[in-house]
Amino acid sequence: MILAAVSIGTGSANEITANKVVGLTTGLLIVHGLLNSLKTRQLAYFTSAFVFVNLGATFLIIIVLLATTPRSEMHPVSYVFGTKGLINGTGGWNTGVSFLLGLLSVQWTMTGYDCTAHISEEVRRAASAAPAAIIIATVGTVVSGWLLNIALILCSGPFDALPGPSGSAFLEIMVLRMGKHAALALWFFVCLTAFFVCQTGLQAGSRTIYAFSRDRGLPDGGFFGQVSAGTQTPLRAVWLTTLASILPVLLDLASPAAANAIFAMTAMASDLSYIIPIFLRRVYHSHPEVRFKPGPYYMGDGWLGWVVNVNCIVWTLFVCVIFSLPTELPVTAVNMNYSAPITVGVVVLSGAWYLLAAHKHYHGPVSNLPQNVQTA
């Protein structure tokens, strides 16, 4: 996104290369690592600002797009909501599959809405605050994102001109309607929103590593399960997550297909992880060793809860199938989608680790006692 803005600002002669992408991404990840090394209270200020920047920029772009696009140049309703605007760019898939592949960008956006849950141990009234934040974030993203997509398609202009020299159809539409300077000014806030998203994503990932290490679910002897006495945050887990995030970025220099497969695998693995507790909750609801205590947000054991849970599981499994499909035909070694075999490999290795060793010392979450606070 940043390089797309540079391309628009300096002219199409500024080519976006893999070296530039890798270098910029690595630098940004290090910045995210530094910011995540701050105290939780300080990180909360960034999160609060993110809400206003995200919603404010979204609705401002919608308003400016509609105001700067002549009515005669807007696409008709049949193009926006009908089949006239459905363009199959897969090279071989039928229109139905092409439409489903188009949903992936939406699914990518929705992945990660559980970030609040990963820091629930660090907030007050977590039983109420965490699920409330997830619901608000999900509903807000759905509504604002849906309206933004409508405005973008309505004002998109000729399809053949997209994605343009910058490689970003979003930015090209803004430049077409607003002019370069106004588009770049608003694009700054779009980039800032993406920056905050990566910030919370790294924060959630580090808390996951911290929790598994603390609970002896990783083969590290609890090294990454320690909390810094100075910041009261898991600094070791933060920087392990940062370094682990940089590695697949570097892979893009050698094999973009492999790097893309890892990125797709993360979305698939995250979605699958969401439905595991839902599935187990329903399968073992009457097991004598299960002590389930409902929280403030609970739909009950009636039909409503069952319908929502089953719908969630079925939809997630369906989306994972779509995630596994190659986006273009014919399939070659370059455009092949390797996310499914990589995901299966990770599951097999994790299962083997649990059966061979982890089951001896990993027994689920443990209490986060004060003695876990050490100098890191």
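Residues numbered from 1 in each chain as written. Predicted model: local features only at pLDDT ≥ 70, side-chain atom pairs only at ≥ 80, totals over all residues. Heavy atoms only, no water.

The name an unreviewed UniProt entry assigns to the protein is Amino acid/polyamine transporter I, from the organism Hygrophoropsis aurantiaca.

Undergrad: Quick question: what am I supposed to make of the overall build of the protein here?
TA: Summing up its helical and strand segments, the protein has 14 helices and two strands in all. The C-alpha atoms of the protein give 22 Å as radius of gyration, which agrees with the globular expectation for 376 residues (21 Å, within 12%). Considered along the principal axes of its C-alpha atoms, the protein spans approximately 65 × 45 × 45 Å. Considering the protein as a whole, with its 376 residues, one finds that 33% of them fall into the buried category. For the protein, the proportion of contacts with a sequence separation of at least 24, taken over those separated by at least 6, is 70%. Across the protein, the 18 positively charged side chains and the 14 negatively charged ones have centroids separated by 11 Å. (Helix = DSSP H or I, 4+ residues; strand = E, 2+ residues; numbered from the N terminus. Rg over C-alpha atoms; globule rule 2.2 N^0.38 Å. Buried < 20%, exposed > 50% of the residue type's maximum accessible area, 1.4 Å probe, protein only. Contact = heavy atoms within 4.5 Å. Lys, Arg positive; Asp, Glu negative; His and termini not counted. Charge placed at Lys NZ, Arg CZ, Asp CG, Glu CD.)

Undergrad: Is there a simple way to explain helix 2 (residues 18-35) in this structure?
TA: Side chains of residues three or four places apart in an α-helix project in the same direction, reflecting 3.6 residues per turn. Taking 1.5 Å per residue, 18 residues should reach 26 Å; helix 2 reaches 26 Å between its end C-alpha atoms and fits that length. Listed as buried for helix 2 are V22, T26, L29, H32, G33 and L35. The secondary structure elements touched by the buried residues of helix 2 are helix 3 (40-68), helix 10 (180-214) and helix 11 (235-254). (Expected span 1.5 Å × (residues − 1).)

Undergrad: Would you take a moment to explain unusual backbone geometry for this structure?
TA: Outside of glycine, negative phi angles account for most residues, and trans bonds account for most peptide bonds. Of note, R216 is a non-glycine position whose phi angle comes to about 65 degrees, a positive value. Within the fold, R216 resides in the loop between helix 10 and strand 1 (227-228). Look at R216 and you get partly exposed, because its relative accessible area is 34%. Even without being a glycine, Q232 presents a positive backbone phi close to 60 degrees. Here Q232 shows up in the loop between strand 1 and helix 11.

Undergrad: Where do I start with the packing of helix 10 against helix 11 in this structure?
TA: A pair of packed helices is captured by two measures, namely the crossing angle of their axes and the spacing between those axes. Packing of helix 10 against helix 11 leaves a shortest axis separation of 8 Å and a crossing angle of 120 degrees. With respect to helix 11, the axis of helix 10 lies oblique. Of the two possible hands of crossing, helix 10 and helix 11 adopt the one that is right-handed. Counted together, L202, G205, S206, R207, I209 and Y210 of helix 10 and A237, V238, L240, T241 and T242 of helix 11 form the full contact between these two elements. Grouping the amino acids of the contact of helix 10 with helix 11 by side-chain chemistry returns six nonpolar, four polar and one charged. (Axes fitted to C-alpha atoms, helices over the stretch in contact; angles between N-to-C directions. Parallel < 35°, antiparallel > 145°, perpendicular 65-115°, else oblique. Left-handed = near helix turned anticlockwise from the far one by under 90°. Nonpolar A, V, L, I, M, F, W, Y, C, P; charged D, E, K, R; others polar.)

Undergrad: Honestly, the packing of aromatic side chains in this entry has me stumped. Any pointers?
TA: The way to describe two aromatic rings as a pair is by their centre distance and the angle between their planes. The tally for this structure, following the rule as stated, stands at seven aromatic pairs. Judged by centre distance (5.3 Å) and plane angle (80 degrees), the ring pair of F188 and F189 falls under edge-to-face. Residue classification places F189 among the partly exposed positions, given a relative accessible area of 36%. The interplanar angle of 75 degrees and the centroid separation of 6.3 Å between the aromatic rings of F195 and F196 together place this pair among those described as edge-to-face. Note on F195: relative accessible area 21%, which makes it partly exposed. Sitting above the plane of the F223 ring, R236 keeps its charged end 4.3 Å from the centroid. Directly above the aromatic system of F292 lies the positively charged group of R281, at a separation of 3.8 Å from the ring centroid. (Phe/Tyr/Trp six-rings, centres within 6.5 Å; stacked < 30°, edge-to-face > 60°. Lys NZ or Arg CZ within 6 Å of the ring centre and 35° of its normal.)

Undergrad: Help me understand the pattern of salt bridges in this model?
TA: It is possible for side chains bearing opposite charge to pair when their charged atoms get close. Applying the stated criterion across every chain, the model contains four salt bridges. The closest approach of N and O atoms between R214 and D215, which form a salt bridge, is 2.9 Å. Pair check on accessibility: R214 and D215 agree, each one buried. Salt-bridge contacts for R282 lead to D301; the nearest nitrogen and oxygen are separated by 3.8 Å. (Salt bridge = Lys/Arg side-chain N within 4 Å of Asp/Glu carboxyl O.)

Undergrad: What's the story with the packing of helix 3 against helix 8 (residues 126-154) in this structure? I'm lost.
TA: Where helix 3 meets helix 8, the axes come as close as 10 Å, and the angle between the chain directions of the two elements is 25 degrees. The angle between the axes of helix 3 and helix 8 places the two elements in the roughly parallel class. Once helix 3 is placed against helix 8, the crossing between them reads as left-handed. Contact residues: L55, T58, F59, I61, I62, L65 and L66 in helix 3; S144, L147, L148, A151, L152 and L154 in helix 8. Broken down by class, the residue content of the contact of helix 3 with helix 8 amounts to 11 nonpolar, two polar and no charged.

Undergrad: Just checking my understanding: could you explain the environment of S339 for this structure?
TA: Note on placement: S339 falls in helix 14 (residues 339-356). Under the relative-accessibility criterion, S339 is labelled buried at 0%. Setting aside chain neighbours within four positions, we find S339 in contact with A261, A264, M265, M268, F323 and S324. In terms of polar contacts, S339 uses its side chain to reach the side chain of N337, at 2.6 Å. (Polar contact = N/O pair within 3.5 Å; in protein donor to acceptor, adjacent residues only side chain to side chain.)

Undergrad: Sorry, what's going on with the nonpolar core here?
TA: One broad rule of soluble globular proteins: the nonpolar side chains tend to lie buried together. Counting residues in each nonpolar core, the largest one holds 23 residues, and the members touching the most others are I61, L65, M174, M178 and W187. Of all the secondary-structure elements, those providing two or more residues to this core are helix 1 (2-10), helix 3, helix 8, helix 9 (169-178) and helix 10. Non-local contacts of I61, meaning those with residues more than four positions away in its chain, are made with L148, F170, M174, M178, L186 and V190. By size, the runner-up hydrophobic cluster in this structure holds nine residues, among which are V97, V319, C320 and I322. (Core = buried A, V, L, I, M, F, W, Y, C linked by side-chain atoms within 4.5 Å.)

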